[in-house]
Amino acid sequence: MDRILSGTPEHSNGALTIVALAVESGVPRNALTQRHTDLKNEFYEKVRARGATPDSEQRLRKQVRRLKELRAADAEEIAQLKADVEALVGALHQAMVENGRLRHQLADRSSVVRTLPAQAPFPQ
């Protein structure tokens, strides 16, 4: 623990994590996380007392920040999709009203309805 905290690790990468502490100590990680939680807690207390943030906490904070950005982007996309749906519903309603009007005119034999010439399909 002292070697990691002093910045002179011999067997690990020197990260302020339980994994690095376990490697530096030569013990399995679960020995610190399950059996010797007092050592784990002491290590994190010393890290915080130095004013440093543990690497695991830094990684989690970075991930939370990235997830918040993704959530904001998703909310923006959802808002755009909702606006698109409203526009499409409006266009569909207008087409249905016009179609109904044309059908009514077609059924009414007194009005004149002319068909437009067919257009060539759009090239793709």
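Along each chain, residue indices are assigned from 1 in the same order as the chain's sequence is written. Confidence filtering applies because this is a predicted model: local features only for residues at pLDDT of at least 70, side-chain atom pairs given and counted only at 80 or more, and all residues used for totals across whole chains, interfaces and linings. Side-chain numbers here rest on the full set of heavy atoms in the structure, without hydrogens or water.

Here we look at the packing of aromatic side chains
Any Phe, Tyr or Trp ring, taking Trp's six-membered ring, that has another such ring centre within 6.5 Å forms a pair; planes under 30 degrees apart are called stacked, those over 60 apart edge-to-face, and the others tilted. A full pass over the atoms with the stated rule returns 1 aromatic pair. Here Phe43 and Tyr44 contribute two aromatic rings whose centre-to-centre distance is 5.8 Å and whose plane-to-plane angle is 50°, an arrangement assigned as tilted. An identical accessibility class is assigned to Phe43 and Tyr44; each is buried. Throughout, exposure labels follow a simple rule: accessible area from a 1.4 Å probe, protein chains only, divided by the maximum for the residue type, with under 20% read as buried, over 50% as exposed, and the rest as partly exposed.

A few points about the pattern of salt bridges
Salt bridges are counted wherever a side-chain nitrogen of Lys or Arg sits within 4 Å of a carboxyl oxygen of Asp or Glu. Scanning the model with the defined rule gives 2 salt bridges in all. With its nearest N and O atoms 3.4 Å apart, the salt bridge here joins Lys46 to Glu42. Within this pair, Lys46 and its partner Glu42 are both found in helix H4 (residues 37-49), separated by 4 residues, close to a single helical turn. The class of Lys46 is partly exposed, set by a relative accessible area of 32%. By relative accessible area, Glu42 is classed as partly exposed at 32%. Segments assigned H or I by DSSP are reported as helices when at least four residues long, segments assigned E as strands when at least two residues long, and all are numbered from the N terminus.

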